[in-house]
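For reference, the chains in residue letters:
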Amino acid sequence: MTQCHSPVAKRLSPLSWGEGVKARWRLALVMVVATLLLATLVAQRPLPDRLAPPNASAAPLILDRSGQPLQLRYDGDWNHAQQQPLQRIPPLLRAAVVGAEDRHFWTHHGVDWRARAAAVWQNLRAGRGLRGASTISEQVVRLLHPRPRTLWSRWVEGFEAMRLDARFSKSEILEFYLNQVPYGANRRGVAQAARYYFGRSLDTLAPPEMLALAVLLRAPSRLAREPEPLAVGITRLASHLAEQGSLPVNAVDAAPALTFARAPADLHAAHFAAAVQARAASLGLPQSGPLPSSLDAALQADAARYLEERLRDLRGEGAAQGALLVVDLERNRVRAWAVADTRNPQTIGIDAVTAPRQPGSALKPLLYALAFEQGWGPDTRIDDAPLAERVNHGLHEYRNYSRTHYGELSVREALGNSLNIPAVKTLQFVGAASFLDRLHALGVASLDRDAAIYGDGLALGNGELTLYELVQAYSALAREGRWLPLTLFEDEREPRSERALIAAPAARAISDILSDPAARQLEFGDGGVLRFPALTAVKTGTSSDYRDAWTVAYDGAHLIGVWIGDLSGRATDGVTGARGPALLARSLLARIGEPVPVAAERPAPPAIVAAAAPRLPDVPQLVQPYDGLQLARDPRIPDALEAVEFELAWVQTPRRVRWYVDGALAGESTEPRWPWPLLRGEHVLYASVDAGVGDPLVTEPVRFAVR
C-alpha cells in the first residue's frame, strides 16, 4: 500500500525558531567584533624604533657664550633644542607631572581603566565632558600620531598606548613626554616652559613653580591668565604629593606667590647658527652635543633691533637690507651677527654678512698701511690734482666725492677725507698686485681675479668682498697689525694662529688718522655722526650709485662692521656710509659700554717702522708711547697684569736700554722694547741707549697719561 505525504510543510517549534535568531545575533556580533578589531588593527600606526622627535640629530645644539640655546624655533613642531635627560629633570617636577596627569602611570600598562571608567561616569552624570583620563602613554601616542579628537581616536590610541608600554620602559616614555608636551605659546617640554613662564632653568625652579608647570598642562594658556584656578590646582596637587611623601607638608604655603616672567622676544640668529654648523662640519667637529659659540645673546638681540630700526628709517631711500658684525678684539670672537630685510622680514633669506658687495672707500686704510710700510708716513705729501687714465679706447677721469681738488696735502688729510685721487696714486706707489696679495693674506678670498683686471679701481673698491672679510681684515689694524682669523666659537676648538701682517707702527698710524676728526674736516666737516663720543677709529665706504653703504669702527676693545644697501643691486637714494650705517655703529658702541682707547692716539708717531723695507732713524727715538698718548686701564684685567710695551726705533742694535719714567730708572733691557706695568697718572718717559761705543744716547722725552 502506497503511503501518501501531506504537501503541507512542517511547522517549526517555538524553541527551534528562537535558537535560530540567537545564532544569527551571535554571528552578527562576531562579525561586528571582528570588523571592529580589524578596523582597530588597520587604524593603528607603527611605533618608532626609539622615542625621539623626528630628525632630532639633524643639527647640533648651538649655545651662546653663556650657555643659552641660539637656534630655538618655537613653531609648535618639536622641541629639538632643549631636551633634557630624565635624570636632569628635578624629581619633584617629575612626581608633580605624574601626580597631575597620570597617578597610576607606574602601574598600568598604557591605559588606566579605573580612571577611564570614573571619567565616563562623571561625564555621564554631568551631561558633558569634564574629564578625559588620558594616560601619559596615550598622550605620547597623541604626540606621535595626531588624530581628530573623537571617541574613535581615543579607542585606537588606547591600543597604541598598550603597544607603546610593551615596547618602551616607563622612564623612556616619561622622558619623551616631559620634553615634548605642549605648554602653550608654541613651547614644548618642561625646559622651554620653565624658561618661558618663569625665566629660569629647570634646576633653579622653586617647588611652587614646579607644581605650577604640572598644573598648567591641563590648559596652559587659560590657567596662566587665571591665578585662582591655578592656585587651587597647585594646592590640590601639593596635598597629593605630601601624602605620597614627595613634598613636605606646607612647603607650598610657605613659598612666595608665583610671578610669571614671560620670555623676551625670540632670539633671531639663524644665519649665525647656520655659519656655526657649517664651520663645525668643515672642522670635522662632532655633530652631536652642544656647540659653545662666541655669540652674546643680549648683544645679538639689541644689534638685530638696532639694525631693523635703522633700516626702517632708511626704507624710503631705498635701503632694503642690512647686516652687521660685532667682534671682541681680544681674541677676535664674533659677538653679534645680525641680518635684516625690510622687504621680507619674516623670511630667512640671503645672509648679507657673507654676500660679496663693493666696498667703495672702505679698503683705503689697508692700502695706506701698506704704503706706510714701504716708507710713507702720515706727513708724506701727495698731490690731489685731476687725474685721467686710459681705459680701453677711452679715458677714465677720477674724481673725489665732492668733485673738489685740494692740491698738495698730507697723506693724513688724504686718508682722513677719503679722497679718491690720492688713493689711486697710493695704489700706483705700492702696486696693485702687492695690495691684492696683502688683502689675500688678510683673509679676503672674494677678490679672486687677477690684479690687472681690477686695475687702479681696486683702491676705490671696484671689486667685491663680504662684510665678514672686511671686518676680519680691519681687525689687523685694530690689533696693531696682529691678524687673527675671526672665530665663531667661545673656546679654542678652532685652530687659529696669530700673524703680524701689518707693521705695528703703520697700524697705529692708520688708527690715529681714522680716530682724528680734524683729519676729515675737508670733506666731512667738524662734528656729525662720525665724531663719536669716545675716541674711535671710523671709516666709511660707499659704492658707485649708492648701492652699498659701509661703516667700520673700532675703539680698542670691539670692532663693528655694518653694511646697508639693496641685495638686488638697485641703487639707494643717496644713502652713504656716513648717512646710513655710521649712526648704527655709533649706537652699538655706546650700547657695548666703556671703550678701551684705540691703539694709537694723536699726535702720530714720529717714525714709521717698515716691515718689508725698514727706514729706521739714525738716532734712537721712542715709538711707543709717543707724546700725548692717553692710556686706560681695562677693568676686566687685574691691575698687576696690565702693562704697556715701551718701544724704541733705531737703525743700530742697542746693547742695553735703560728706561726712565718720571726721572727714575724703571727698568733695563737688551732689546728695543720693555713692558712697563701701568701706573695711573701723568708720566714722562725717556730712554738711555748704550750701543757699546761712546757715551749712551738719550732719546727725546715723551709725555703720556694713564687713567
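See the structure shown above.
Within each chain, residues carry numbers counting from 1 in the order of the written sequence. Whole-chain, interface and lining totals are the exception, using all residues; otherwise, since this is a predicted model, local features are given only for residues with pLDDT of at least 70 and side-chain atom pairs are given and counted only at 80 or more. Neither water nor hydrogens contribute to the side-chain values; these are computed over all heavy atoms in the structure.

**Q** Tell me about the pattern of salt bridges, and name the residues and values.
**A** Between side chains of opposite charge, pairing is possible as soon as their charged atoms come close. Note on definitions: salt bridges are taken to be side-chain nitrogens of Lys or Arg within 4 Å of carboxyl oxygens of Asp or Glu. Counted according to the given criterion, the structure contains 36 salt bridges. Its salt-bridge partner being Asp302, residue Arg591 comes within 2.5 Å of it at the nearest N-O pair. Residue Arg591 is found in helix α21 (residues 581–592), and its partner Asp302 is found in helix α12 (residues 297–314); the two are separated by 289 residues along the sequence. Each residue is assigned to one of three classes by its accessible area relative to the maximum for its type, calculated with a 1.4 Å probe on protein chains only: buried under 20%, partly exposed between the two thresholds, exposed over 50%. By relative accessible area, Asp302 is classed as buried at 18%. Note that Arg335 is salt-bridged to Asp328, the shortest N-O span being 3.4 Å. One exposure class covers both Arg335 and Asp328, and it is buried. Here the residues in one salt-bridge network are Arg479, Glu480, Arg482, Glu498, Arg508 and Glu647, joined through shared partners. Think of it this way: any DSSP run of H or I at least four residues long counts as a helix, any run of E at least two long counts as a strand, and we number them from the N terminus.

**Q** Describe a nonpolar patch on the surface, naming the residues involved and giving the relevant values.
**A** Patches here are clusters of residues that have more than 30% relative accessible area and form no salt bridge, with a 9 Å joining cutoff for like charges and a 5 Å cutoff for nonpolar side chains (Val, Leu, Ile, Met, Phe, Trp, Tyr). Accessible surface is estimated by sampling points in the Shrake-Rupley manner with a 1.4 Å probe; for residues, cover comes only from the protein chains shown. Nonpolar side chains collect at one region of the surface, where Leu29, Val33 and Leu37 lie side by side and expose about 270 Å² of accessible area between them. Within the fold, Leu37 resides in helix α1 (residues 14–43). Its relative accessible area of 48% is what places Leu37 among the partly exposed residues.

**Q** I'd like to hear about the nonpolar core, residue by residue, with values.
**A** The biggest cluster of nonpolar side chains holds 79 residues, and the ones touching the most others in it are Phe272, Trp337, Leu366, Phe435, Leu477, Tyr554 and Leu559. A total of nine residues in this core trace back to one element, the largest contributor, which is helix α18 (residues 467–478). A contact between two residues is defined here by any heavy atoms of the two lying within 4.5 Å. Discounting chain neighbours no more than four positions away, the residues touching Leu366 are Phe435, Leu439, Leu442, Ala473, Leu477 and Ile502. Phe105, Val141, Leu213 and Leu230 belong to the second largest nonpolar core, which has 55 residues in total. Remark: nonpolar core denotes a set of buried residues (Ala, Val, Leu, Ile, Met, Phe, Trp, Tyr, Cys) joined through side-chain atoms within 4.5 Å.

**Q** How would you explain helix α10 (residues 227–244) if you had to name every residue and give the values?
**A** Expected span, for any helix, means 1.5 Å times one less than how many residues it has. Over its 18 residues, α10 runs 26 Å from end to end, which matches the ideal 26 Å to within 8%, given 1.5 Å per residue. Among all positions of α10, only Leu230, Gly233, Ile234, Leu237, Ala238, His240 and Leu241 are buried. Across the axial projection of α10, the buried residues extend over an arc of 165 degrees, all falling on one side. Away from its buried face by more than 90 degrees, α10 exposes Glu228, Arg236 and Glu243. On its buried face, α10 sits against α2 (91–101), α8 (207–216) and α9 (220–223). By definition, the arc is the one covered by directions from the helix axis to the C-beta atoms.

**Q** Describe unusual backbone geometry, and please don't skip the residues or the numbers.
**A** Positive phi, close to 65 degrees, is recorded for Arg403, a residue that is not glycine. Mapped onto the secondary structure, Arg403 falls in the loop between β7 (394–398) and β8 (407–410). On the basis of relative accessibility, which here comes to 59%, the residue Arg403 falls in the exposed class. Positive phi is not limited to glycine here, since Glu480 has a value of about 55 degrees.

**Q** Can you break down the sheet that holds strand β13 (residues 558–565) residue by residue, with the values?
**A** In sheet architecture, strand pairing relies on hydrogen bonds along the backbone and comes in two forms, parallel and antiparallel. Read from one edge to the other, the open sheet built from five strands follows the order β4-β3-β13-β12-β11, with strand pairing classed as antiparallel. Of all strands in the sheet, those bounded by a partner on one side alone are β4 (333–341) and β11 (537–542). Here the strands of the sheet are splayed against their neighbours by 10 degrees on average, with no regard to which way each runs. The pairing of strand β3 (residues 321–328) with β4 spans eight bridges and is antiparallel. By the bridge assignment for β4, Val326 is matched with Ala336. Sitting on the sheet, α12 is in contact with β3, β4 and β13, with an inclination near 35 degrees to β4. Between any two strands, at least two bridges found by DSSP are needed for them to pair. Working convention: axes come from line fits to C-alpha atoms, limited for helices to the stretch in contact. Angles between N-to-C directions cover 0 to 180 degrees.

**Q** So what's going on with the packing of aromatic side chains? Residues and values would help.
**A** Pairing of aromatic side chains here covers Phe, Tyr and the six-membered ring of Trp, requires ring centres within 6.5 Å, and sorts the geometry by plane angle: under 30 degrees stacked, over 60 edge-to-face, intermediate tilted. In the structure shown here, the tally under the stated rule is 16 aromatic pairs. A ring pair is formed by Trp78 and Phe176, whose centres lie 6.1 Å apart and whose planes are at 55 degrees; its orientation type is tilted. With Trp78 in the loop between β1 (62–63) and α2 and Phe176 in helix α6 (residues 170–180), this pair connects stretches of sequence that are 98 residues apart. According to the relative accessible area criterion, Trp78 is buried, its value standing at 17%. Ring geometry for Tyr196 against Tyr197: centres 4.9 Å apart, planes inclined by 80 degrees, an arrangement best described as edge-to-face. The two residues Tyr196 and Tyr197 agree in class, both being buried. The structure contains a cluster of three or more aromatic residues connected by ring pairs, namely Tyr183, Tyr196, Tyr197, Phe198 and Phe260. Over the aromatic face of Phe532 sits the side chain of Arg586, whose NZ or CZ is 5.9 Å from the ring centroid. Consider the ring centre and the ring normal. A charge sits over the ring if Lys NZ or Arg CZ is within 6 Å of that centre and within 35 degrees of that normal.

**Q** Before we move on, could you go through α6 and cite the residues and values that matter?
**A** The element α6 is largely enclosed, with a buried count of eight among its 11 residues. Along α6, the residues classified as buried are Lys170, Ile173, Leu174, Phe176, Tyr177, Leu178, Asn179 and Gln180. For α6, the secondary structure elements touched by its buried residues are α2, α4 (136–144), α5 (151–167) and α7 (189–198).

**Q** Would you mind going over the sheet that holds strand β14 (residues 621–624) in detail, with residue names and values included?
**A** Read from one edge to the other, the open sheet built from three strands follows the order β14-β16-β19, with strand pairing classed as antiparallel. Taken across any chain shown, the strands that pair with only one partner, and hence form the sheet edges, are β14 and β19 (673–677). Neighbour to neighbour, the strand axes of the sheet diverge by 35 degrees on average, direction disregarded. Bridge count between strand β16 (residues 643–649) and β19: five bridges; the pairing is antiparallel. Bridge pairing in β19 links Phe646 to Trp674.

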